[in-house]
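Listed below are the residues making up each chain.
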Amino acid sequence: TAGITQAPTSQILAAGRSMTLRCTQDMRHNAMYWYRQDLGLGLRLIHYSNTAGTTGKGEVPDGYSVSRANTDDFPLTLASAVPSQTSVYFCASSDSEEGVQFFGPGTRLTVL
Amino acid sequence: LAKTTQPISMDSYEGQEVNITCSHNNIATNDYITWYQQFPSQGPRFIIQGYKTKVTNEVASLFIPADRKSSTLSLPRVSLSDTAVYYCLVGDIGGSSASKIIFGSGTRLSIRP
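Scoring rules and cut-offs
- Residues numbered from 1 in each chain as written.
- Chains lettered and ligands numbered in written order.
- Predicted model: local features only at pLDDT ≥ 70, side-chain atom pairs only at ≥ 80, totals over all residues.
- Heavy atoms only, no water.
- Helix = DSSP H or I, 4+ residues; strand = E, 2+ residues; numbered from the N terminus.
- Contact = heavy atoms within 4.5 Å.
- Areas by Shrake-Rupley, 256 points an atom, 1.4 Å probe, with all protein chains shown as cover.
- Lys, Arg positive; Asp, Glu negative; His and termini not counted.
- Charge placed at Lys NZ, Arg CZ, Asp CG, Glu CD.
- Buried < 20%, exposed > 50% of the residue type's maximum accessible area, 1.4 Å probe, protein only.
- Polar contact = N/O pair within 3.5 Å; in protein donor to acceptor, adjacent residues only side chain to side chain.
- Pairing = 2+ DSSP bridges.
- Axes fitted to C-alpha atoms, helices over the stretch in contact; angles between N-to-C directions.
- Disulfide = S-S within 2.5 Å.

Engineer: Whenever I open this one, the overall build of chain A confuses me. Can you help?
Structural biologist: Helix and strand counts for chain A come out as zero helices and eleven strands. Along the chain direction, N to C, the helices and strands of chain A fall in the order β-β-β-β-β-β-β-β-β-β-β. Principal axes of the C-alpha set define a box for chain A whose edges measure 40 × 25 × 20 Å. Contacts in chain A between residues at least 24 apart in sequence constitute 54% of all its contacts with a sequence separation of at least 6. Per element, the accessible surface of chain A, about 5,200 Å² overall, is 51% carbon and sulfur. Taken together, the 8 basic and 9 acidic charged side chains of chain A have centroids lying 11 Å from each other.

Structure representation (structure tokens):
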């Protein structure tokens, strides 16, 4: 099984432009998450979704939006990118009962 | 939220046993202790999880004292491929509480030949 896939692998984006990072899981997990990881630091939660149709804000939600139209997909949108959003973005999912999160390979985003 | 404290870095040699200790003085009754491993340019990977006493799997052991205010991840006979960052997470991982899990900066483990 693929587990969690993310696209694109990397992207260079001009400041002010919008972009959607894609995340798809095939494990039928209820919960999904978006994290950012800045160079040399730990992961910080941006947004999460406990189940399809619901979303919530994490530690650093400003400048980002998410949607959860179905169980498998959890896209992250940057409406107007700024250089401080340069980071590696990880998507994760978990079964709501077990809770252990499984991570995707990440998207490396550079905003110039 | 239970704050965790772990060493910033550790060094060891191939074949040695490595123990990484994490302090979590404010752990709550419903909180689990979970360890992740992260290699460069990859997402974190689940290693082991426990609630109390000792848990062992094919990769590692997790020792949790009775007061649960700390935990120790034990990696037996490490190899160069164990060089990674290790994160200790504490929280009620079920349902919406999983969103409250905080990743700190982790412990950067370097294994030498």
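Moving on from the coordinates now.
Engineer: Got a minute to help me understand the side chain of Ser93(A) in this structure?
Structural biologist: All names here are of chain A. Within the secondary structure, Ser93 is located in strand S9 (residues 87–94). Look at Ser93 and you get buried, because its relative accessible area is 0%. A polar contact of 2.8 Å, which involves the side chain of Ser93, links it to the side chain of His29.

Engineer: Teacher, can you tell me more about the sheet that holds strand S8 (residues 84–91) of chain B here?
Structural biologist: Each strand in a sheet pairs with another by means of backbone hydrogen bonds, the pair being arranged parallel or else antiparallel. Residue and element names in this part refer to chain B. Read from one edge to the other, the open sheet built from five strands follows the order S1-S9-S8-S3-S4, with strand pairing classed as mixed. Every other strand in the sheet has two partners, leaving strand S1 (9–13) and strand S4 (45–50) as the edge strands with one partner each. Shown here is a sheet whose adjacent strand axes are inclined to one another by a mean of 25°, direction ignored.

Engineer: Could you clarify how one ought to interpret the environment of Pro44(B) in this entry?
Structural biologist: By secondary structure assignment, the location of Pro44(B) is in the loop between strand S3 (32–38) and S4. In the structure, Pro44(B) is positioned 43 residues away from Tyr87(B) in sequence and 8.6 Å away in space, judged by C-alpha atoms. Setting aside its immediate chain neighbours within four residues, Pro44(B) contacts Leu43(A), Phe103(A), Tyr36(B), Gln37(B), Gln38(B) and Phe103(B).

Engineer: Explain the state of the cysteines here, please?
Structural biologist: As used here, a disulfide is simply a covalent bond connecting the sulfur atoms of two cysteines. Residues and elements named next belong to chain A. The final tally for this structure, using the stated rule, is two disulfides over all chains. Paired through a disulfide, Cys23 and Cys91 show a sulfur-sulfur distance of 1.8 Å. Because the sign of the S-S torsion sets the handedness, a value of about -75° for the bond joining Cys23 and Cys91 places this disulfide among the left-handed ones. In this pair, Cys23 is assigned in strand S3 (residues 19–25) and Cys91 in strand S9, connecting sequence segments 68 residues apart. Judged by its relative accessible area of 2%, Cys23 is buried.

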